[in-house]
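Working through the structure, step by step
One letter stands for each residue in the lines below.
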Amino acid sequence: MTADDLTRIAVTGSAVRTAEEPLLAAGRGPELMRAAAWALAEHAAALLRERGPVAGATVAALVGPGNNGGDALFALAFLRRRGVAAVAVPVRRDDDGAPRWHAEGWAALQAAGGRRADAVPPEAALVVDGVLGTGFTGEYELPAAARALPADALVLACDVPSGVDADTGEVRGEALRADATVTFGALKSGLVLGEGAARAGTVHVVDIGLGPHLPTSPAVRLGVMDEAAARAAHPAPAAEAHKYTRGVVAVVAGSERYPGAAVLASAGALHTGAGMVHHAGPQTTRDLVLTAHPEALVSAKGPEPSRADAWVAGPGLDTEHDARRRWAGVLAALEERPEAALLADASALALLTAAELRSLRAAGTPVVLTPHAGEWSRLRERVPADGADAADPLAALRAWTAEHGATVLLKGPRTLVVAPDGEAWVVTGGGPDLAMGGTGDVLSGAIGAVLAADVARRSRARRAGEDPGPAPTARLAAAAAWLHAQAGADQARAGRITTATLPTALGARVARLWWPDDAEPEAVQ
Ligand SMILES: NC(=O)C1=CN([C@@H]2O[C@H](COP(=O)(O)OP(=O)(O)OC[C@H]3O[C@@H](n4cnc5c(N)ncnc54)[C@H](O)[C@@H]3O)[C@@H](O)[C@H]2O)[C@@H](O)CC1
Ligand SMILES: Nc1ncnc2c1ncn2[C@@H]1O[C@H](COP(=O)(O)OP(=O)(O)O)[C@@H](O)[C@H]1O
């Protein structure tokens, strides 16, 4: 992995341990520990500096029995040399009462003039959590010394907050909530997933030279979607683009009962830069979509199958009968043009069968499903897969997508996207500002637009005699979800908090993605 990748691709803590093995066998353990401790001390000093002078400040570390504690002890020794009052608090003791901790680390701290104490002193401005790192197994019992921290002390976790599973982000026991975490060798997936992400605070990744030893298998890697990856997945249209090269999105959403879904899904696709959006629905939704978006096409059945690059199916479909009929229409259109992509959400997730998934896979149709947690559990009940009931959400998604051949984007505060080949992404950055009815409909349209642009690009490549390879559906869907999450945060910052204005904020984000050097456009009122 390159230095850039280290911050963008998370790997499991176990994979990092495996990567370290040959280096440890070659006797390079102490060197790695010093590199880790040096970086930890640097970040500690930077945090202290935000509050006042470094020299004279007190830093305490909760020190566990293993190498994680060793890192903390060496970091204290480095800080001591910068004039910090460095205090090590052992949290494990042998039967004779002697601290069980990294002997060389303690020797280094003593040599530097640091001391040991049974509790964190009340004047400590910063507490380093160095109890457990990637060696954590079982349950974590919060040490007594961690229960009585000075109220305004910052907490800096060494590698991972103790009690957080570095693979899955599961917190087993009572983990401290860190203000920041300095993690070594690679970003750990446990710091971007689940509760672990919430406990880690700001994460700093420190390169200690493990890059060439880290695994490349998608099964242990997790991409963290960011602006650069989103731009690569959804690039700006070329100068010679026309509406068809930008992609045509067919939106089969909304009904007499839930008309708004048609408007929101169409808006999501339009504001993500689709060349054309064609809504298929009853008269009510057609009128509403046209009123809101005069540039959209509308009809009862949707575009000619040969014209549609992506079908967005499911948000706000009405009765069972209406939903079934319209879903069947989408599948029939895809049979005519299997290279078009399918985004299935909401009602469509309740209809989709294992047999349909098999046919779509056999035809090579890129398929993305976008359940929220409730829809995901119902989908797994109706369409089960071996291993898909795993407690670890990422493992469950990997098992299900591998068996059924569709990419799944699991919506939530941290959206996870996994493709059948195991390629996985996490989308962070959104906030509770998105937790409103209809934001998922906007997302379905946005993903449709990104998929459509990719399908259009691939079709052009094929016509030019090139082999464009399989669609990177996980990356495409995650890019759209990232834009959507950023748009939610942008509009909340600008004082707008309804779903109705989310598509406009999304459009502004897409414009920034595509034309970053242009002046900020005037805010649309
Ligand atoms: N191995 C290396 O070369 C490097 C390791 N580094 C550090 O070393 C850490 C891993 O060190 P270790 O393998 O020593 O493991 P830890 O320091 O995470 O854990 C130490 C020991 O605690 C015990 N333990 C595990 N779960 C427990 C629980 N629930 N309750 C009580 N005790 C428990 C186990 O015996 C474990 O081996 C990393 O997180 C990182 O901070 C860094 O120094 C970089 C280099
Ligand atoms: N607390 C949260 N933080 C960040 N994003 C959230 C949060 N809650 C919901 N979201 C996002 O909001 C959207 C909600 O979609 P969904 O549940 O389908 O709503 P609806 O069906 O009403 O449109 C998803 O993109 C989801 O990831």
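All figures in this text were calculated on a predicted structure; none of them were measured in a lab.

1. Examining the overall build of the protein chain
- Across its full length, the protein chain carries 19 helices and 19 strands.
- Here the C-alpha atoms of the protein chain give a radius of gyration of 26 Å, agreeing with the 24 Å that 2.2 N^0.38 yields for 525 residues.
- When its C-alpha atoms are laid out on the principal axes, the protein chain stretches across 80 × 50 × 45 Å.
- In the protein chain, buried positions account for 52% of the 525 residues.
- A separation of at least 24 residues holds for 75% of the contacts in the protein chain among residues at least 6 apart in sequence.

2. What to know about the sheet that holds strand E19 (residues 424–427)
- Strand order in the open sheet formed by 12 strands is E8-E1-E10-E19-E18-E17-E16-E15-E14-E11-E12-E13, and the pairing between neighbours is mixed. Looking at the sheet topology across the chains shown, the edges are occupied by strand E8 (187–188) and strand E13 (297–299).
- Looking at chain direction, strand E14 (residues 310–313) and strand E15 (residues 341–344) are connected through four bridges and run parallel. Residue pairing in the sheet places Ala 310 in a bridge with Ala 341 of E15.

3. Some words on the UniProt feature "binding site: AMP" (unreviewed entry) in the protein chain
- Mapped onto this numbering, the UniProt entry gives "binding site: AMP" (unreviewed entry) at Lys 411, Gly 412, Pro 413, Arg 414, Thr 415 and Gly 440. Sequence-wise these annotated residues cover 30 residues; spatially they are packed, their C-alpha atoms never more than 13.7 Å apart.
- Mapped onto the elements of the fold, Thr 415 is located in strand E18 (residues 415–418).
- Not counting chain neighbours up to four residues away, the residues in contact with Thr 415 comprise Leu 409, Leu 410, Val 427 and Ala 481.
- Relative to the assigned elements, Gly 440 resides in helix H17 (residues 439–463).
- Its 23 C-beta neighbours within 10 Å are what place Gly 440 among the buried residues.
- The contacts of Gly 440, once residues within four sequence positions are left out, are Asp 345, His 372 and Lys 411.

4. Things to note about the domain arrangement of the protein chain
- Taken domain by domain, the protein chain comprises domain 1 (1–216) and domain 2 (226–512).
- For domain 1 and domain 2, the distance between their C-alpha centres works out to 41 Å.
- Contacts between the two partners involve five residues from domain 1, matched on the other side by seven residues from domain 2.

5. Details of the packing of helix H10 (residues 260–271) against helix H19 (residues 502–514)
- Remark: H10 packs on H19, axes separated minimally by 8 Å, with the N-to-C direction vectors making an angle of 15°. Taken together, H10 and H19 sit at an angle that is classed as roughly parallel. Read as a crossing pair, H10 and H19 show a hand that is right-handed. Contacts between H10 and H19 pair Ala 267, Gly 268 and His 271 from the former with Pro 503, Thr 504, Leu 506, Gly 507 and Val 510 from the latter.
- Residues belonging to the contact of H10 with H19 are distributed by class as follows: four nonpolar, four polar and no charged.

6. Details of the site of ligand 2
- Every one of the 17 residues lining ligand 2 counts as a neighbour, but Lys 411, Gly 430, Leu 434, Ala 435 and Gly 440 are closest to it.
- Of all the elements, H17 adds the most residues to the shell around ligand 2, at four residues.
- For the shell around ligand 2, the per-class residue count stands at five nonpolar, 10 polar and two charged.

7. Describing the sheet that holds strand E4 (residues 115–116)
- Strand order in the open sheet made by the seven strands is E4-E3-E2-E5-E6-E7-E9, with parallel pairing throughout. The open sheet terminates on both sides in strands that have one partner only, identified here as E4 and strand E9 (202–206).
- Note: strand E5 (residues 124–130) against strand E6 (residues 154–158), four bridges, orientation parallel. The residue bridging Asp 129 from the neighbouring strand is Ala 157, located in E6.
- Strands strand E2 (58–63), strand E3 (85–90), E5 and E6 of the sheet are contacted by helix H4 (residues 67–81), whose axis makes an angle of about 165° with E2.

8. Some points on the packing of H17 against H19
- Taken N-terminus to C-terminus, the directions of H17 and H19 make an angle of 35°; their axes are 10 Å apart at the nearest point. Handedness of the crossing formed by H17 with H19: right-handed. Residues Thr 439, Val 442 and Ala 446 of H17 pack against Leu 502, Pro 503 and Leu 506 of H19.
- Considered class by class, the residues forming the contact of H17 with H19 number five nonpolar, one polar and no charged.

9. Side note on the site of ligand 1
- Taken together, 26 residues lie around ligand 1, and Gly 66, Asn 67, Asn 68, Gly 133 and Gly 135 are the ones closest in.
- Broken down by secondary-structure element, the contributors of at least two residues to the shell around ligand 1 are helix H2 (13–25), helix H3 (29–51) and H4.

10. Things to note about the nonpolar core
- Judged by nonpolar contacts, the single largest core of 176 residues is most densely connected at Val 59, Trp 311 and Val 312.
- If you count residues domain by domain, this core takes at least three from each of domain 1 (1–216) and domain 2 (226–512).
- If sequence neighbours within four positions are ignored, Val 312 has contacts with Val 249, Ala 250, Val 251, Val 252, Ala 253, Ala 265, Ala 269, Leu 343, Ser 444, Gly 445 and Gly 448.

11. Considerations on unusual backbone geometry
- With phi around 70°, Asp 159 is a residue other than glycine that occupies positive phi space.
- Mapped onto the secondary structure, Asp 159 falls in the loop between E6 and strand E7 (180–184).
- We note that Ala 346 has phi near 45°; this positive angle belongs to a residue other than glycine.

12. A closer look at the UniProt feature "domain: YjeF C-terminal" (unreviewed entry) in the protein chain
- With numbering aligned to this structure, UniProt lists the feature "domain: YjeF C-terminal" (unreviewed entry) at residues 226–517.
- Helix makes up 50% of residues 226–517 and strand 12%, whereas the separation of the span's terminal C-alpha atoms amounts to 18 Å.

13. Points about helix H15 (residues 373–382)
- Here H15 has its buried residues at Glu 375, Trp 376 and Leu 379. What you see down the axis of H15 is that its buried residues fit within an arc of 100°, all on one side. For H15, the exposed residues lying more than 90 degrees away from the buried face are Ala 373, Gly 374 and Glu 381.

14. Concerning the pairing of E14
- Here E14 shows two buried faces, one formed by Ala 310 and Val 312 and the other by Trp 311 and Ala 313.
- For the crossover that starts at E14, traverses helix H12 (residues 320–336) and ends in the parallel E15, the hand is right-handed.

15. Structural notes on the environment of Gly 448
- Here Gly 448 is to be found in helix H17.
- Between the C-alpha atoms of Gly 448 and Ala 487, which are 39 residues apart in sequence, the distance is 17 Å.
- Once residues lying within four places of it in the same chain are set aside, the contact partners of Gly 448 are Val 249, Val 251, Ala 269, Ala 310, Val 312 and Leu 343.

16. Looking at the environment of Leu 349
- Mapped onto the fold, Leu 349 is located in helix H13 (residues 347–351).
- On a C-alpha basis, the gap between Leu 349 and Ala 424 in space is 21 Å, while along the polypeptide they are 75 residues apart.
- Among all residues touching Leu 349, those that are not within four sequence positions of it are Gly 314, Ala 344, Leu 369, Pro 371, Glu 375 and Leu 379.

Calculation notes
Residues numbered from 1 in each chain as written. Chains lettered and ligands numbered in written order. Predicted model: local features only at pLDDT ≥ 70, side-chain atom pairs only at ≥ 80, totals over all residues. Helix = DSSP H or I, 4+ residues; strand = E, 2+ residues; numbered from the N terminus. Rg over C-alpha atoms; globule rule 2.2 N^0.38 Å. Buried ≥ 20, exposed ≤ 12 C-beta atoms within 10 Å, placed from the backbone. Contact = placed C-beta atoms within 7 Å. Pairing = 2+ DSSP bridges. UniProt positions renumbered as here; feature names shortened; annotations may be inferred. Domains from an automatic or database assignment. Axes fitted to C-alpha atoms, helices over the stretch in contact; angles between N-to-C directions. Parallel < 35°, antiparallel > 145°, perpendicular 65-115°, else oblique. Left-handed = near helix turned anticlockwise from the far one by under 90°. Nonpolar A, V, L, I, M, F, W, Y, C, P; charged D, E, K, R; others polar. Near = placed C-beta within 6 Å. Core = buried A, V, L, I, M, F, W, Y, C linked by C-beta atoms within 7 Å. Arc of directions from axis to C-beta. Right-handed = clockwise from strand over helix to strand, strands pointing away.

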